[in-house]
Amino acid sequence: MAAARIQHPGMAARVMDAAQAAALIPAGATLGMSGFTGSGHPKRVPQALAARIEAEHAAGRPFKVNLWTGASTAPELDGALAKVGGIAQRLPFQSDPACRERINAGEIDYVDVHLSHVAQQAWFGFLGPLNVAVIEVLGILPDGRLIPSAAVGNNKTWLDIAEHVILEVNTLPPAGLEGMHDIYYGTAIPPRRKPIHLEQATERIGEPYLRVDPAKVIAVVPTHHADRHTAFAKPDADSRAIAGHIIDFLDHEVKKGRLPRNMLPLQSGVGNVANAVLAGLLDGPFEDLLGFSEVLQDGMLELLRTGKMRAASATAISLSQEAMREFTDHIGFYRERIVLRSQQISNHPELVRRLGVIAMNAMIEADIYGNINSTHLMGSAMMNGIGGSGDFARNGYLSFFVTPSTAKGGAISCIVPMVSHVDHTEHDTQIIVTEQGLADLRGLSPRQRAQLIIDRCAHPDWRPLLQDYFDRARQSGAQHTPHRLAEALSWHQRYLETGSMRP
């Protein structure tokens, strides 16, 4: 079956197994691998490379690589290489437990980058040379063009700028994915850049295939492995309440004439809460929706299946096992309604602003003035990374940040006097939502924001403590943004010392 998918004679002559391909990667190399949120990542070469690195370490020889991807991958890639101590530098986003542990131990230099910035920073030369691209594709056409897989991510850029290329040809994903992609080749480096002429969320402006110089391809590895299936929890009471607050707000905006009845294109971050918000739209009053997001998850697939959503644009498809069966069984239906793009297009600020995207992203914590921490636990420990939340928050027509109001069984308040790490400043935060309520911060001063966030978003158990802090901060002087710096982060310190933020 693999032979039928590899139709270019020159590349067919370079077919080899994963161990042989991994042997072509030198120590210290910078690798650009495919993969975005658990889909479209190479499966066999990273594991073979991990085995090689482990053997080199056992022999007393140092061996690490720098690893760039589109976003998070899976245990076969991030996990395998992290477990053997094989990663020196990692960017731009990860979610693997082993990788996270090494990052927080100081053993991996993690560079957390906005997803829309990664390809251009690499293309500009800011990140140094890319030695080898390892890219999963579904097939190679006779003229050398590549059929992309379930994630496009940064693959176009890695193929363009890498010195050498290794291709994994995966025959497991449905062949019907062919034709779902729209790869745009009209970008350029300043000062030669031109506007990206995308005016509708699901408009096509590119071509369905990736290009590669066949002379750069040093190995082709057949594989037949599934992507990581994301298991989404069923929406709980908190998630349903958050979804309800958002839907009520959007309905209010429609009635005020600030949104059309069919809304504007929707973006949703990754995770159970974001997926639950999309699921809530199934019962909402809106029809003929459009998606313009990074990842198409179960909730958006269900909106498409039921006809609530007309079409969707993303850079990757990341589904549960059940949803993947639905997708595969009806691939023709979805191919007409889904467009998969490079992430430098799916997350491009120019397009997010032009299309008027409504952005919904999760957070770890927010402070009373609207600053958002999306990445760090207690200010120092990396969770996953900023991902694309900043691409959409700063440029979207509306931007929601969502979280349950408490964590760790109520020991942590997710609304705090001052966030322990800032990913999105108050200037980029429009709307904060917890299960307690929604705070619309548009047009409000810091003091007005603080009172509204305390009243609407904080858990009742924590509201008096936040109010006390805010009142005493205001009494200490007439500052624009009142704080008591000696205790602004005391809640986090208390948690580190006692396991609870409570005094």
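Reading guide: rules and limits
Residues numbered from 1 in each chain as written. Predicted model: local features only at pLDDT ≥ 70, side-chain atom pairs only at ≥ 80, totals over all residues. Heavy atoms only, no water. Helix = DSSP H or I, 4+ residues; strand = E, 2+ residues; numbered from the N terminus. Rg over C-alpha atoms; globule rule 2.2 N^0.38 Å. Buried < 20%, exposed > 50% of the residue type's maximum accessible area, 1.4 Å probe, protein only. Contact = heavy atoms within 4.5 Å. Areas by Shrake-Rupley, 256 points an atom, 1.4 Å probe, with all protein chains shown as cover. Lys, Arg positive; Asp, Glu negative; His and termini not counted. Charge placed at Lys NZ, Arg CZ, Asp CG, Glu CD. Pairing = 2+ DSSP bridges. Salt bridge = Lys/Arg side-chain N within 4 Å of Asp/Glu carboxyl O. Core = buried A, V, L, I, M, F, W, Y, C linked by side-chain atoms within 4.5 Å. Disulfide = S-S within 2.5 Å.

Asker: I tried to follow the overall build of the chain on my own but got confused; where do I start?
Answerer: A count of helices and strands for the chain gives 19 helices and 25 strands. What you see for the chain is a C-alpha radius of gyration of 23 Å, in line with the 23 Å of a compact globule of 503 residues. Of all 503 residues assigned to the chain, the portion counted as buried reaches 57%. Sequence separation of at least 24 residues holds for 73% of the intrachain contacts in the chain that already meet a minimum separation of 6. A total accessible area of about 19000 Å² is found for the chain, and carbon and sulfur atoms account for 51% of it. In the chain, 47 side chains carry a positive charge and 52 a negative one; their mean positions are 3 Å apart.

Asker: What is the right way to look at the sheet that holds strand β17 (residues 372–373) in this model?
Answerer: Pairing between the strands of a sheet comes from backbone hydrogen bonds, and it takes one of two forms, parallel or antiparallel. Overall, mixed pairing links the three strands, which are arranged β17-β16-β23 in an open sheet. What marks the edges here is a single partner per strand, and that holds for β17 and β23 (415–416). Sheet analysis places strand β16 (residues 365–367) next to β23, joined by two bridges and oriented parallel. Note that in β23 the partner of D367 across the bridge is V416.

Asker: Is there a simple way to think about the pattern of salt bridges in this case?
Answerer: One side chain can pair with another of opposite charge once the charged atoms of both are near each other. Applying the stated criterion to the full structure yields 25 salt bridges. The partner of D160 in a salt bridge is K156, with the nearest N and O atoms 2.9 Å apart. Here D160 pairs with K156, and both are found in helix α8 (residues 155–161), just four residues apart, close to one helical turn. By relative accessible area, which is 38% here, D160 ends up partly exposed. Across the pair E287 and K308 runs a salt bridge, and its minimum N-O distance is 3.2 Å. Residue E287 is located in the loop between α10 (272–280) and β10 (289–292), and its partner K308 is located in the loop between α11 (298–306) and β12 (309–314); the two are separated by 21 residues in the primary sequence. Several salt bridges converge on common partners, so that one network encompasses E253, R258, D440 and R442.

Asker: Please clarify how the side chain of D428 should be interpreted in this entry.
Answerer: With respect to the helices and strands, D428 occurs in the loop between β23 and β24 (431–434). Ignoring any residue separated from it by four or fewer positions in sequence, one finds D428 in contact with A393, R394, S399 and F401.

Asker: What is the right way to read unusual backbone geometry from this model?
Answerer: Among all residues except glycine, the phi angle is most often negative; among peptide bonds, the trans geometry is most common. Here the residue pair L91 and P92 is connected by a cis peptide bond, since its omega of 5° sits within 30 degrees of zero. Within the fold, P92 resides in the loop between β3 (87–91) and α6 (97–104). Here P190 and P191 are connected by a cis peptide whose omega angle stands at 10°. Turning to its location among the elements, P191 is positioned in the loop between β7 (164–170) and β8 (217–223). A positive phi is found at T37, a non-glycine position, where the angle reads about 55°. Inspection of the secondary structure assignment puts T37 in the loop between β1 (30–33) and α4 (44–58). Within the chain, M378 stands out as a residue other than glycine whose phi angle is a positive 55°. By the secondary structure assignment, M378 is in the loop between β18 (376–377) and β19 (381–382).

Asker: Even after reading the chapter, I still don't get the nonpolar core, so can you show me in this structure?
Answerer: Soluble, globular proteins show a tendency: their nonpolar side chains are buried together. In terms of nonpolar packing, the biggest core is built from 73 residues, with L167, I246, L250, L296, F327 and F400 touching the most fellow members. Sorting elements by how many residues they give to this core places helix α9 (residues 237–255) first, with seven residues. Counting residues in each nonpolar core, the second largest holds 40 residues, with V65, L67, V134 and A219 among its members.

Asker: Would you explain helix α5 (residues 75–83) in this entry?
Answerer: Think of an α-helix as turning once every 3.6 residues; residues three or four places apart then point the same way. If you check which residues of α5 are buried, you get L77, D78, G79, A80, L81 and A82. Packing partners of the buried residues in α5 comprise β1, α4, β2 (65–68), β3 and α6. Once α5 finishes, G85 follows within two positions and takes phi at roughly 65°, a positive value.

Asker: Help me understand the environment of E326, please; the structure alone is not making it clear to me.
Answerer: Within the element layout of this structure, E326 appears in helix α12 (residues 321–329). Between the C-alpha atom of E326 and that of S268, which follows or precedes it by 58 residues, the distance is 21 Å. Once you skip the residues sitting within four places of it in the chain, E326 turns out to touch L301, R305 and Y334.

Asker: Help me understand the state of the cysteines in this model?
Answerer: Between two cysteines, a covalent bond joining their sulfur atoms is known as a disulfide. Counted under the stated rule, the structure contains zero disulfides. As a non-bridged cysteine, C414 has C457 as the owner of its nearest cysteine sulfur, 11 Å distant.

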